[in-house]
Amino acid sequence: MLSEFDLIKQYFRRARAGNAVLGIGDDCALLAPTPGMQTAISTDMLIEGRHFFAGADPRMLGHKCLAVNLSDLAAMGARPVGFTLGLSLPGVDPEWLEAFSNGMFALADLHDCELVGGDTTRGPLAVCITVFGEVAPGHALRRDAARAGHDIWISGTLGDARLALAGYWKELAIDREQHALAATRMHMPEPRVALGRALAALPVAHAALDISDGLVGDLAHILDASKVGATLGVDALPPGPALARQPLALRRRFTLAGGDDYELCFTVPSSQRDAVLAAAAMAHTPVTRVGTIDAQPGLRLVDAAGKALQMDVKGWDHFGEE
Ligand code: TPS
């Protein structure tokens, strides 16, 4: 049986040099921040049974646990630098650890984000990651920066992760192939780091967040923080490729309030549409304009003809359901 120290050495300590002055192995890691830059920090915890199913594929799980954290850096416009990993494991399963760490490091390397420390313990399967990033002062994409007259934009597509969940829950009968397509989105989200950084570099005011609890619930955070309202074109919301094959009512529900999307929702003055499209092209990330920020508080939903839609949708809430 591997000891905790052997386990870390075997699966989480790596030979390659990284960004840290001192990486894993001492009581603390030492990072040397780039002079003049601000540090962006975020933590996301994933618990078996709540954020992922028991028996989840370990390689994809390793990817997703880091991806949802990188998504928070993306939503701030920050460049990833490093992360720490807190891991609670029911036991030592070498095959599981190999696959988990490979999935996690494949994404970490893609973003030059180094594992600089962490802790492992025996317990129910749970993964807690804290990421560190850097952003130039005044450039972070804050939730309080939306203003009346801004366009609302979304990266990528929405709702496929929720469709996959509906399949697993047997809430809906979904064609096998379509479910597999949707499940890829649920298990392997792509953090929009390049887009976030390109947006942060634009010399205009902008707000952003990443959509984890569903667009309606998450957009409300921007509206609250910025003290504004919004009009959202429900049928302008881009559905994922699997959800696109589903009926209109379901498309509307799952694009508005799916959850687990990890796309960016951001607002930019409407005078800057070309600049947004140029930033998106540079980041190789599709973006869609889906609504406008208004001075009038509240969220108004409209259809393709601009007609008001009454829909009872809300975001994902771990505590609200009880
Ligand atoms: C087994 N789900 C879990 S957490 C979350 C969503 C949509 C929102 C973000 O959470 N049940 C299982 N797997 C899943 N992926 C879901 C439910 C869906 P947080 O705010 O904690 O980051």
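Anyway, here's the lowdown on the structure attached to this text. In this text, all values refer to a predicted model and were calculated from it rather than measured experimentally.

**Here's the deal with the side chain of glutamate 134**
- On the secondary structure map, glutamate 134 appears in strand β4 (residues 126-135).
- Overall, the relative accessible area of 8% leaves glutamate 134 in the buried class.
- A polar atom in the side chain of glutamate 134 sits 2.7 Å from the side chain of threonine 34.
- Those residues in contact with glutamate 134 that lie beyond four places of it in its chain are Pro33, Thr34, Met37, Gln38, Ala78, Arg79 and Val81.

**Things to note about the site of the ligand**
- The environment of the ligand is made up of 14 residues, and the closest members are Arg50, His51, Asp213, Asp260 and His318.
- Histidine 51 places a polar side-chain atom, nitrogen or oxygen, 2.9 Å from an oxygen atom of the ligand.
- Of all the cavities here, the one that holds the ligand is the largest pocket.
- The residue inventory of the shell around the ligand, partitioned by class, reads six nonpolar, four polar and four charged.

**Structural notes on the layout of surface pockets**
- Approximately 650 Å³ is the volume found for the largest pocket.
- If you list the elements that add at least two residues to the lining of the largest pocket, you get β1 (38-47), α2 (58-76), α4 (160-168) and α7 (215-226).
- Classifying every residue of the lining of the largest pocket by side-chain character gives 12 nonpolar, seven polar and 11 charged.
- Here the lining of the largest pocket spans two domains, since at least three of its residues come from each of domain 1 (4-135) and domain 2 (143-302).

**Some details on the sheet that holds strand β10 (residues 298-302)**
- Read across the sheet, six strands follow the order β6-β8-β5-β9-β7-β10 without closing on themselves; strand pairing throughout is mixed. The open sheet terminates on both sides in strands that have one partner only, identified here as β6 (207-211) and β10. Strand after strand, the sheet turns through a mean of 25° between neighbouring axes, direction not considered.
- Across the face of the sheet, α2 comes into contact with β6 and β8 (263-269) while running at roughly 165° to β6.

Conventions we followed
- Residues numbered from 1 in each chain as written.
- Predicted model: local features only at pLDDT ≥ 70, side-chain atom pairs only at ≥ 80, totals over all residues.
- Heavy atoms only, no water.
- Helix = DSSP H or I, 4+ residues; strand = E, 2+ residues; numbered from the N terminus.
- Buried < 20%, exposed > 50% of the residue type's maximum accessible area, 1.4 Å probe, protein only.
- Polar contact = N/O pair within 3.5 Å; in protein donor to acceptor, adjacent residues only side chain to side chain.
- Contact = heavy atoms within 4.5 Å.
- Near = heavy atom within 4 Å.
- 1 Å grid on protein atoms, 1.4 Å probe; cavity = no way out; pocket = protein on both sides within 12 Å on 5 of 7 lines; lining within 4 Å.
- Sits in = over half its atoms within 2 Å of the grid points.
- Nonpolar A, V, L, I, M, F, W, Y, C, P; charged D, E, K, R; others polar.
- Points joined across faces, edges and corners; volume = space filled by probe spheres on them.
- Domains from an automatic or database assignment.
- Pairing = 2+ DSSP bridges.
- Axes fitted to C-alpha atoms, helices over the stretch in contact; angles between N-to-C directions.

Remember, this is a structural readout, not a statement about activity or role.
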